[in-house]
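# What the coordinates show
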Amino acid sequence: MLTNWPDLHRFVRINNHEHTDLQEYMGSYVSDSEGRLTFQEGALVEAVRKGYWLVLDELNLAPSEVLEALNRLLDDNRELFIPETQETIR
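Attention in this report is confined to the structure presented alongside it. (Residues numbered from 1 in each chain as written. Predicted model: local features only at pLDDT ≥ 70, side-chain atom pairs only at ≥ 80, totals over all residues. Heavy atoms only, no water.)

Our focus in this paragraph is the overall build of the chain. Counting its regular elements, the chain contains three helices and six strands. Each helix and strand of the chain, placed in order from N terminus to C terminus, yields the pattern β-α-β-β-α-β-α-β-β. Oriented by its inertia axes, the alpha-carbon framework of the chain measures out at about 50 × 35 × 25 Å. Per-residue burial for the chain yields a buried fraction of 23% across its 90 residues. If you take every contact in the chain between residues at least 6 apart in sequence, the share linking residues at least 24 apart comes to 54%. As presented, the chain carries roughly 6,700 Å² of accessible surface, and 49% of it is formed by carbon and sulfur atoms. Averaging the positions of the 8 positive and the 17 negative side-chain charges in the chain gives two centres separated by 7 Å. (Helix = DSSP H or I, 4+ residues; strand = E, 2+ residues; numbered from the N terminus. Buried < 20%, exposed > 50% of the residue type's maximum accessible area, 1.4 Å probe, protein only. Contact = heavy atoms within 4.5 Å. Areas by Shrake-Rupley, 256 points an atom, 1.4 Å probe, with all protein chains shown as cover. Lys, Arg positive; Asp, Glu negative; His and termini not counted. Charge placed at Lys NZ, Arg CZ, Asp CG, Glu CD.)

So, in structure tokens, the structure goes:
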């Protein structure tokens, strides 16, 4: 029986469809309250950084650019490259 909820793993679910774009996964630049552009991380980046479980629902519907971005994370390298910030997350 599970009684200690804080110890459970959190997970992120991404619903894919034919219009899913890489920004949903990786993130994009947005304006902050002072009008400056800042990078807001996407669902995939947050999950990788924080060690969350990731559910990629209907992945077969995602465009090839999304699948290519996932390839490096799922192969032996196990790293995620964020082109906008030139950062690699291991």
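Here we take up the environment of Gln23. Of note, Gln23 is situated in helix H1 (residues 22-26). Along the primary structure Gln23 and Pro63 are separated by 40 residues, whereas in three dimensions their C-alpha atoms are 12 Å apart. Aside from chain neighbours lying at most four places away, what touches Gln23 is Ser28 and Gly42.

With that settled, the discussion passes to the nonpolar core. Of all hydrophobic cores here, the largest spans 16 residues; its most connected members are Tyr25, Met26, Leu44, Val45, Leu80 and Ile82. Elements supplying a minimum of two residues to this core: strand E1 (11-15), H1, helix H2 (43-50), helix H3 (64-74) and strand E5 (80-82). (Core = buried A, V, L, I, M, F, W, Y, C linked by side-chain atoms within 4.5 Å.)

Within the secondary structure, Asp32 is located in the loop between strand E2 (27-31) and strand E3 (37-41). With 24 residues separating them along the chain, Asp32 and Leu56 place their C-alpha atoms 29 Å apart.

Another point: the pattern of salt bridges. Following the criterion strictly, the structure yields eight salt bridges and no others. The shortest N-O distance in the salt bridge between Asp32 and Arg36 comes to 3.3 Å. The residue Arg36 makes a salt bridge to Glu34 at a minimum N-O spacing of 2.9 Å. Looking at Glu34, the relative accessible area reads 59%, which means it is exposed. (Salt bridge = Lys/Arg side-chain N within 4 Å of Asp/Glu carboxyl O.)

Moving on, we come to the side chain of Thr20. Residue position: Thr20 is located in the loop between E1 and H1. Side-chain polar atoms of Thr20 contact the backbone nitrogen of His17, separated by 2.7 Å. When neighbours within four sequence positions are excluded, Thr20 is seen to be in contact with Asn15, Tyr25, Pro63 and Val66. (Polar contact = N/O pair within 3.5 Å; in protein donor to acceptor, adjacent residues only side chain to side chain.)

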